[in-house]
Amino acid sequence: MESRILRPTLGLYAAAFLLFLYGPMIVLTILSFQGPEGGPQFPVQDWSLYWYKQLLGLSEASRVAQLPVGDSLLRSITLAFMTTVVSTVLGVMSAEAFRTRFKGSGPAFYLIILGMMVPGVLVGLGMALLSSTLGISRAWWGTSFVLHVVYTYPFAFLVMLAIFNRFDRTVEEAALSLGVSPAQTFRRVTFPIIFPGVLSAMLFSFTLSYDEFARTLFTAGRDLTLPLAIYGTFSVEIHPNIFAFGVLTTLFSFTLLVIYGLLMKRFTNRAARFAGQEDNG
Amino acid sequence: MTALSTDSPMPTETSPAQLRERKDRRRAWLLLSPGLLWMALFMVLPMCMVVYVSFWTQTTFSVNSTLTTASWERFLGSATYLHAIGTTLRVWAIVLAATLIVGYPVALYIGLFVRNKTLQTALLVACVIPFWTSFLIRVIAWRPMLGTEGAINTILMKLGLIHEPLTFLLFSEFSVLVGMTQIYCVFMVGPVTFMIGRIDPSVIEAARDLGASFGTIFRRIILPLSLPGVMVGAIFVSVMVLGEFATAASLSGRKVNLLGNIIVSQVGSLKWAFAAVAGVVLTLIITAVIALALRIVDLRKEM
Amino acid sequence: MLTVRQVSRRYGETVALEGLSLEVPADTYMSLLGASGSGKTTLLRLIAGFEEPDAGQIALDGTRLDGKPPHQRDIGFVFQNFALFPHLSVAQNVAFGLRYRAANPLTDNEEIRARSEAALELVGLKGFGHRGIGAISGGQRQRVALARTLVCEPRIVLLDEPLGALDANLRARMCDELKAIRERLGVSFLHVTGSETEALTMGDRVAVLSGGRIVQADAPERLFAEPANAQAARHLNAWNIFDAGLCAGGGAGQLGVRFDQIDISAPGQAPGAHLRLPARFLAGEFNGPTALSFFRAADGSLLQVTDHLSQPRLPDLVEGQDYDLHFAPQTARQFPGAAR
């Protein structure tokens, strides 16, 4: 059989792919433990946590300027949080609207989807032009924020659309037939059932916004977000402190992921106790 | 979902069904309107602004709204900028092909050959995990990998395969292509795996029982059924690569100038009208690519 | 009393219901018999208010229902797939309507608990309240769905093929229980089904839905013995319907004769008082207490004859041979119109 050769070959290919995917991060992690005199390259002079300390401002006067991450980290998290809330609400509302068939739904769908297709640098430029024409000052919590929502709302919308596709409408009708108003039905039946989807939409929005910088570049004004702070270091010489920073932010993201996983697990556990009737009905 | 009960006085000629339909439609548009309004104000309007400003008059440090085609003439008359269009298209084509070549076999392996659901999920998660590192960090991570004193050169020298470090690895178009392929190939792997995973194994089983070779099965069953996934992946990759500038800025040492880089540098020197022209050109290219892809696949059905 | 008058419902080009009228009297178990795709479910959805009719009126005890949103209609609905709330326990499912309904919801937890408990007891699920929906069987889910509906004391209960998802054993038992529960509560049930046995067993009255309208509504015995028209007769799966011209002296239009009221004899041997119908024996089918024999008449129509094993009355039949089917004229029912 060909698959006797094919399977291991493809397996090896997939393993090589994973190495390709993770290689740079592994190298970056190794080099983040570079000694104080070492540069952003091999060989590693001596293993130390120097660059982590430097990053956190724990080392004495250093030959390298500290990365301006403190405030920008806070801004990025706030921005991502604002974006998450707004785009999830918009996404849920729009997906709910798409459950009824109506004229003009096709163009509306593509208008929303366009938000994730348009390159960030273009809408960023457009927004910068617009705000300077209208005399609105640019700020991460204003001009950047609305663009982040433009980007993440389509993702939230698609996630919710997929969730509603699998949603059994009769449970809502059951609630209505019991005399429960549409609003209460949404609150007590629809929302609890789609909640895992809402959580996924939120995770999507948060990660995308937290990491977004093409849309922020022209629109953030004076105060930088985290990705902008990193981007600023591109033009100058890089030092291992960026690597240390990369490792730390990745760890931070994983913490976020774990929190999401725990929330999800708690929810599905509860759902498993009352497992859905459709699996063995 | 609030009860949008708008019980208007009932004209006798409209049936309850029509009234209900009207009410449902009104509710749908009400639910949709904040989102559409947001998109119109913060996406469509800025894009229109880009087109508009591309016809403004550019002076040294500012623009004014006197309409002119001067910026367009300068752009289209400049070899450098036409060259940038060429570079953008070339990088796009190569990265798209590379993500397909790199990603498709992986998707085939995960979607078809790994039948253990847990392992399948684990592999997919492994593909997605790098996304939880900042995009810019992932880009910059290629520097210590490809540099003259980077990992690859160090290993090759240690192995005695080369004596001089390879200099073409970093700060070249090559590094940009490698970086983009690594960053974007997951967008190909995901949709393709999804489509291949949806193929009913019994169909393949049946074909095999009828004596079809793997080549035939692949050509006749797997390839056609995975094609929508490839198209969705291609749309994702295209849109992102065409709008790119950070990877080129970080890894090319200014040797590769994409349209995105031109926009950024023009904005940096306050040449707004010029940046707008580059923006319009970029929009046209992306529209053409998406339109082409959408002719082949209906995105709304595949989502 | 629920009154449906001249109700029509179209989906684009397809007509689901066409000028349908139906009355469900108070304190009645009404079965609605119809083939799949006949618009049975559409009718229930119109009554419950999940959809609205294109024309016609629906009224409950004299008050118009059409145009009202579903949650203000006070009509219970038991779904084919039960539609239980997957995120709630059995008790929470049952208490749901009491607690969250728009019109006078209960706030006293003790009262809610007592009434849910009573409803669960009514359907024979005492002590199951704390269980999850996933932890109970199909039949139990059916009962939870019923309890959830009944606890709100609706003015009428609509049941959409409520036994369709259950296995045969359970179905027979639920039949009896549904009937008993309804009698205790004195509320009307409108039970939709595609099975004539189910419809005839359950209903105090049975309505037959065909071609988008009710073709007959009657007591089950009468419907079975004297179907008013060919469509109604066809749904009972007990009547041969054929062109009256096939029988010498059969008259015009169509004739209907029950499967069990046809006798068979060799050609030319039939009693003179009987109507005769020559046909070829195709095949026999044995299914326990009865035996079925299939015949093909001269115009190609298929005829069935049943024979009860306890009282055999048929001769030995040879496949491919011609026989005379005959029956007493008074057992036949005359329907107007041409066959099919």
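Within chain B one finds 14 helices and two strands. Relative to the 2.2 N^0.38 estimate, which gives 19 Å for 303 residues, the radius of gyration of chain B is 25 Å and therefore markedly larger than a compact globule would have. Per-residue burial for chain B yields a buried fraction of 51% across its 303 residues. In chain B, 23 positive and 14 negative side-chain charges are present, and the distance between their average locations comes to 3 Å.

Here the focus is the overall build of chain C. What chain C contains, in helices and strands, is eight helices and 18 strands. Each principal axis of the C-alpha atoms in chain C carries an extent, and together these give about 80 × 45 × 30 Å. Looking at the 340 residues of chain C, the share that counts as buried comes to 54%. Restricting to contacts in chain C with at least 6 residues of sequence separation, those with at least 24 account for 63%. Carbon and sulfur atoms make up 48% of the accessible area of chain C, which totals about 14400 Å².

The geometry of helix 3 (residues 70–97) of chain A relative to helix 1 (residues 16–53) of chain B is characterised by a closest axis approach of 8 Å and an angle of 140° between their N-to-C directions. By crossing handedness, the relation of helix 3 of chain A to helix 1 of chain B is classed as left-handed. For the pair helix 3 of chain A and helix 1 of chain B, the contacting residues are Val 86, Leu 90, Met 93, Ser 94, Glu 96 and Ala 97 of chain A in the first and Arg 27, Ala 28, Leu 31, Leu 32, Pro 34, Gly 35 and Trp 38 of chain B in the second. Across the contact of helix 3 of chain A with helix 1 of chain B, the residue classes break down as nine nonpolar, two polar and two charged.

With that settled, the discussion passes to the domain arrangement of chain C. Residues and elements named next belong to chain C. As far as domains go, chain C holds domain 1 (2–234) and domain 2 (240–335). Distance from the C-alpha centre of domain 1 to the C-alpha centre of domain 2: 39 Å. Across the contact, nine residues belong to domain 1 and five residues belong to domain 2. Summed over both sides, the interface between domain 1 and domain 2 buries roughly 570 Å², with carbon and sulfur atoms accounting for 63% of that surface. Our enumeration of links across domain 1 and domain 2 arrives at zero salt bridges. The element that contributes the greatest number of residues to the side of domain 1 that touches domain 2 is helix 8 (residues 230–235), accounting for three residues. The class makeup of the residues in the side of domain 1 that touches domain 2 is six nonpolar, one polar and two charged.

With that settled, the discussion passes to the state of the cysteines. Evaluated as defined, the whole model comprises zero disulfides over all chains. You can see Cys 185 of chain B has no disulfide; the closest cysteine sulfur is in Cys 127 of chain B, sitting 7.7 Å from it.

Ranked by size, the top nonpolar core spans 252 residues in total, and within it Phe 157 of chain A together with Ile 222 and Ile 263 of chain B carry the most contacts. Element by element, the count of residues in this core is highest for helix 6 (residues 140–165) of chain A, at 17 residues. Once residues within four sequence positions are removed from consideration, Ile 263 of chain B is found in contact with Val 121, Leu 122, Leu 125 and Phe 218 of chain A together with Ala 275, Ala 278, Gly 279 and Leu 282 of chain B. Judged by nonpolar contacts, the second largest core, of 21 residues, contains Leu 255, Ile 262, Leu 277 and Leu 325 of chain C.

This part is about the packing of aromatic side chains. According to the stated counting rule, one finds 42 aromatic pairs over all chains in the structure shown. Through pairs of rings, three or more aromatic residues link up here, namely Phe 98, Phe 102, Phe 109, Tyr 110 and Phe 157 of chain A together with Trp 29 of chain B. Cation over ring: Arg 215 of chain A sits above Tyr 151 of chain A, and NZ or CZ is 3.8 Å from the ring centre.

Chain C puts 13 residues into the contact, and the matching count from chain B is four residues. In this structure, the connection of chain C to chain B is made through one salt bridge. Where Arg 20 of chain B meets Glu 52 of chain C, a salt bridge forms, and the shortest distance between an N and an O atom there is 3.1 Å. The residue makeup of the side of chain C that touches chain B, split by class, is four nonpolar, two polar and seven charged.

Residues and elements named next belong to chain C. Note on placement: Asp 160 falls in strand 7 (residues 156–160). By relative accessible area, Asp 160 is classed as buried at 7%. Distance from Asp 160 to Leu 44, taken between C-alpha atoms, is 7.4 Å for residues 116 residues apart in sequence. When neighbours within four sequence positions are excluded, Asp 160 is seen to be in contact with Thr 41, Leu 44, Phe 77, Val 78, Phe 79, Gln 80 and Val 192.

Moving on, we get to the sheet that holds strand 14 (residues 275–286) of chain C. Residues and elements named next belong to chain C. In spatial order, the strands read 13-17-14-15-16; together these five strands make up an open sheet with antiparallel pairing. Edge positions in the sheet fall to strand 13 (263–265) and strand 16 (302–308), since each has one partner strand and no second. Pairs of neighbouring strands in the sheet enclose a mean axial angle of 45°, with direction left out of account. By the bridge criterion, seven bridges tie strand 15 (residues 290–297) to strand 16 in an arrangement that is antiparallel. Looking across to strand 16, one finds that Phe 295 is bridged to Leu 303.

Taken together, the contact pairs 91 residues of chain B with 91 residues of chain A. One can count one salt bridge joining chain B with chain A. In this structure, the salt-bridge partner of Arg 27 of chain B is Glu 96 of chain A, at a minimum N-O distance of 2.7 Å. For the pair chain B and chain A, the interface holds nine residue pairs in polar contact (both at pLDDT 80 or more).

What follows is about the pattern of salt bridges. In total, this model carries 27 salt bridges over all chains according to the counting rule given. Here the salt bridges do not stand alone but share partners, grouping Glu 173 of chain A together with Arg 9, Arg 45, Glu 51 and Asp 54 of chain C into one network.

Right, let's talk about the sheet that holds strand 18 (residues 333–335) of chain C for a bit. All names here are of chain C. Pairing is antiparallel across the open sheet formed by three strands, whose spatial order is 11-12-18. Of all strands in the sheet, those with a lone pairing partner are strand 11 (239–243) and strand 18, marking the two edges. Taking the axes of each pair of neighbouring strands and ignoring which way they run, one obtains an average angle of 30° across the sheet.

Turning our eyes to something else, we now look at the pairing of strand 1 (residues 2–11) of chain C. A regular strand places its side chains so that they alternate between the two faces of the sheet. All names here are of chain C. Here seven bridges tie strand 1 to strand 2 (residues 14–24), and the two strands are oriented antiparallel to one another. For Val 7, the partnering residue across the bridge sits in strand 2 and is Leu 20. As consecutive antiparallel partners, strand 1 and strand 2 are separated by two residues, and within that stretch Gly 12 has a phi angle of approximately 60°, a positive value. Two strands pair when backbone bridges link them, and strand 1 and strand 4 (residues 55–60) are joined in this way by five bridges, in the antiparallel orientation. Within strand 4, the residue paired with Thr 3 across the bridge is Ala 59.

Residue and element names in this part refer to chain B. The contact between helix 3 (residues 79–113) and helix 12 (residues 259–268) brings their axes to 8 Å, and the two run at 135°. It follows from the interaxial angle that helix 3 and helix 12 lie oblique. On the side of helix 3, the interface is formed by Tyr 81, Ala 84, Ile 85 and Thr 88, while helix 12 contributes Leu 259, Ile 262 and Gln 266. The residue inventory of the contact of helix 3 with helix 12, partitioned by class, reads five nonpolar, two polar and no charged.

Residues and elements named next belong to chain B. Parsing chain B into structural domains produces domain 1 (16–53) and domain 2 (73–302). Its C-alpha centre places domain 1 at a distance of 33 Å from the equivalent point of domain 2. Contacts between the two partners involve four residues from domain 1, matched on the other side by six residues from domain 2. Here domain 1 meets domain 2 over a buried area of about 330 Å², counting both sides, of which 83% is carbon and sulfur. Together, Met 47, Val 50 and Val 53 form the three largest contributors to the area buried by domain 1 at its contact with domain 2, with a combined 85%. On the surface where domain 1 and domain 2 come into contact, there are zero salt bridges. The tally of links from domain 1 across to domain 2 stands at zero residue pairs in polar contact (both at pLDDT 80 or more). Its residues assigned to classes, the side of domain 1 that touches domain 2 comprises four nonpolar, no polar and no charged.

Bringing the side chain of Asn 240 of chain C into the picture now. Residue and element names in this part refer to chain C. Within the secondary structure, Asn 240 is located in strand 11. Residue Asn 240 is classed as buried on the basis of its relative accessible area, which comes to 3%. Here Gln 304 takes part through its backbone oxygen, which lies 2.6 Å from a polar atom of the side chain of Asn 240. If we skip the residues at most four places from it in the chain, Asn 240 touches Leu 255, Gly 256, Val 257, Phe 259, Ile 262, Leu 302, Leu 303 and Gln 304.

Definitions and cut-offs
- Residues numbered from 1 in each chain as written.
- Chains lettered and ligands numbered in written order.
- Predicted model: local features only at pLDDT ≥ 70, side-chain atom pairs only at ≥ 80, totals over all residues.
- Heavy atoms only, no water.
- Helix = DSSP H or I, 4+ residues; strand = E, 2+ residues; numbered from the N terminus.
- Rg over C-alpha atoms; globule rule 2.2 N^0.38 Å.
- Buried < 20%, exposed > 50% of the residue type's maximum accessible area, 1.4 Å probe, protein only.
- Lys, Arg positive; Asp, Glu negative; His and termini not counted.
- Charge placed at Lys NZ, Arg CZ, Asp CG, Glu CD.
- Contact = heavy atoms within 4.5 Å.
- Areas by Shrake-Rupley, 256 points an atom, 1.4 Å probe, with all protein chains shown as cover.
- Axes fitted to C-alpha atoms, helices over the stretch in contact; angles between N-to-C directions.
- Left-handed = near helix turned anticlockwise from the far one by under 90°.
- Nonpolar A, V, L, I, M, F, W, Y, C, P; charged D, E, K, R; others polar.
- Domains from an automatic or database assignment.
- Buried area = accessible area lost by both parts, 1.4 Å probe.
- Salt bridge = Lys/Arg side-chain N within 4 Å of Asp/Glu carboxyl O.
- Disulfide = S-S within 2.5 Å.
- Core = buried A, V, L, I, M, F, W, Y, C linked by side-chain atoms within 4.5 Å.
- Phe/Tyr/Trp six-rings, centres within 6.5 Å; stacked < 30°, edge-to-face > 60°.
- Lys NZ or Arg CZ within 6 Å of the ring centre and 35° of its normal.
- Pairing = 2+ DSSP bridges.
- Polar contact = N/O pair within 3.5 Å; in protein donor to acceptor, adjacent residues only side chain to side chain.
- Parallel < 35°, antiparallel > 145°, perpendicular 65-115°, else oblique.

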